[in-house]
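If you want the building blocks of each chain, they are given just below.
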Amino acid sequence: MNIMIINGPNLDMLGVYRTDLYGIDDYDELCFQIDQWAEDLGFGTDIRQSNYEGEIIDFIHNAFEDDYEGVIINPAAFGQYSYAIRDALLLLKCPVVEVYIPDITQKEALRGNSVIKDICAKQIYGKGFEGYKEALQFFFDIL
């Protein structure tokens, strides 16, 4: 089974960006951990990151065209307002899990809402990198 993981803006700067919220581990460490967790569950992963909304939409289109069994998306700030990403996610036939590293309800008020949460099978936030592990376990349990 193949799961696409899509990470949004500024996540490539993990380890240096807002370490009080995101921790000190960098993006390469996140990808390494995701690959390890996925391998333990027997999944293949395709991990992608972009700071550009249109490229994230292209990733979602790729997930649709290539028939992935699941998508994990951390849209970062786009999660609060990108109806274009929401519309792209509606194309998918597979379940989608929305993940945020920090607890978005504890950040600035404008960040506590997600425009995609109601179309996702699950939303995970505030669990650090472990949120991705929980998302992978969710796919393991339902697939």
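These notes cover the structure that comes with them. (Residues numbered from 1 in each chain as written. Predicted model: local features only at pLDDT ≥ 70, side-chain atom pairs only at ≥ 80, totals over all residues. Heavy atoms only, no water.)

The geometry of helix α2 (residues 27–41) relative to helix α5 (residues 130–142) is characterised by a closest axis approach of 10 Å and an angle of 25° between their N-to-C directions. In this view, α2 runs roughly parallel relative to α5, as classed from their interaxial angle. In terms of crossing hand, the pair formed by α2 and α5 is right-handed. Together, Leu30, Ile34, Trp37, Ala38 and Leu41 of α2 and Glu130, Tyr132, Lys133, Leu136, Gln137 and Phe140 of α5 make up the contact between the two elements. (Axes fitted to C-alpha atoms, helices over the stretch in contact; angles between N-to-C directions. Helix = DSSP H or I, 4+ residues; strand = E, 2+ residues; numbered from the N terminus. Parallel < 35°, antiparallel > 145°, perpendicular 65-115°, else oblique. Left-handed = near helix turned anticlockwise from the far one by under 90°. Contact = heavy atoms within 4.5 Å.)

What follows concerns the side chain of Arg48. Examined against the element boundaries, Arg48 turns out to sit in strand β2 (residues 44–49). Note on Arg48: relative accessible area 18%, which makes it buried. Once residues lying within four places of it in the same chain are set aside, the contact partners of Arg48 are Met4, Ile5, Ile6, Asn7, Tyr27, Phe59, Asn62 and Tyr68. (Buried < 20%, exposed > 50% of the residue type's maximum accessible area, 1.4 Å probe, protein only.)

Nothing here speaks to function; it is geometry throughout.
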